[in-house]
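Here are the chains, one letter per residue:
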Amino acid sequence: MFQISAVLLTLIGVILIYVTTRHQRLLSAPHPRIFAALGCCILMLALLSWMQLLTTIAAIFTWVFTVITLMMCVPFSTLLKPKEGR
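Here the residue index of a chain counts from 1 through its sequence in written order. The predicted origin of the model limits local features to residues at a pLDDT of at least 70 and limits the giving and counting of side-chain atom pairs to 80 or more, whereas totals for whole chains, interfaces and linings rest on all residues. Calculated side-chain values reflect all of the structure's heavy atoms, with hydrogen atoms and water omitted.

1. Comments concerning the nonpolar core
Definition of nonpolar core: a set of buried residues of the types Ala, Val, Leu, Ile, Met, Phe, Trp, Tyr and Cys, connected through side-chain atoms within 4.5 Å. Note on classification: 1.4 Å probe, protein chains only; a residue is buried when its accessible area is under 20% of the maximum for its type, exposed when over 50%, partly exposed between these limits. Counting residues in each nonpolar core, the largest one holds 14 residues, and the members touching the most others are Val14, Tyr18, Leu43, Trp50, Trp63, Val67 and Val74. Per the convention used, a helix needs a DSSP run of H or I reaching at least four residues, while a strand needs a run of E reaching at least two, with both numbered from the N terminus. If you list the elements that add at least two residues to this core, you get α1 (2-18), α2 (34-53) and α3 (56-73). Sequence-distant contacts of valine 14, that is, excluding residues within four places in its chain, are made with Leu43, Val67, Leu70, Met71 and Val74. We call two residues contacting when some pair of their heavy atoms lies within 4.5 Å.

2. Remarks on α1
Because each turn of an α-helix spans 3.6 residues, side chains separated by three or four positions end up pointing in the same direction. If you check α1, its first and last C-alpha atoms are 24 Å apart, about what 17 residues at 1.5 Å a residue would give, namely 24 Å. Buried within α1 we find Ala6, Thr10, Gly13, Val14, Leu16, Ile17 and Tyr18. In the core, the buried residues of α1 are packed alongside α2 and α3. The length a helix should cover is 1.5 Å for every residue beyond the first.

3. Some details on the packing of aromatic side chains
Any two rings among Phe, Tyr and Trp, with Trp reduced to its six-membered ring, count as a pair given centres within 6.5 Å; such a pair is stacked if its planes are under 30 degrees apart, edge-to-face if over 60, and tilted if neither. What the rule picks out here adds up to one aromatic pair. Relative to phenylalanine 65, the ring of phenylalanine 61 lies with its centre 6.3 Å away and its plane at 20°, an arrangement referred to as stacked. Of this pair, phenylalanine 61 and phenylalanine 65 both sit in helix α3, four residues apart, roughly one helical turn. Here phenylalanine 61 matches phenylalanine 65 in class, with each residue exposed.

4. What about α2?
Under the 1.5 Å per step criterion, the end-to-end length of α2 is 29 Å for 20 residues, consistent within 8% with the ideal 28 Å. Those residues of α2 lying buried are Ala36, Gly39, Ile42, Leu43, Ala46, Leu47, Ser49 and Trp50. Buried positions in α2, seen along its axis, are confined to an arc of 160° and lie on one side of it. Facing away from the buried side of α2 by more than 90 degrees, the exposed set consists of Ile34 and Gln52. Arc, as used here, means the arc of the directions from the helix axis to the C-beta atoms.

Structure representation (structure tokens):
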């Protein structure tokens, strides 16, 4: 159960941070910067979930690896969005 919650919290945190940037393409306009702060808080909760599963060093490594991987993959999700002109 903690595995699923850790991954979902990490995904939600990364998405909240992504939608506040001006270069995001998921939404028509970026959200306010408060969502980035909320995303960081959710990422801290995700780290606590990882720490429930693993030792401290392994949890931090897994958390950082997951965050970096999702930060690279989330922008590519816009490629799946249908074009407006078609």
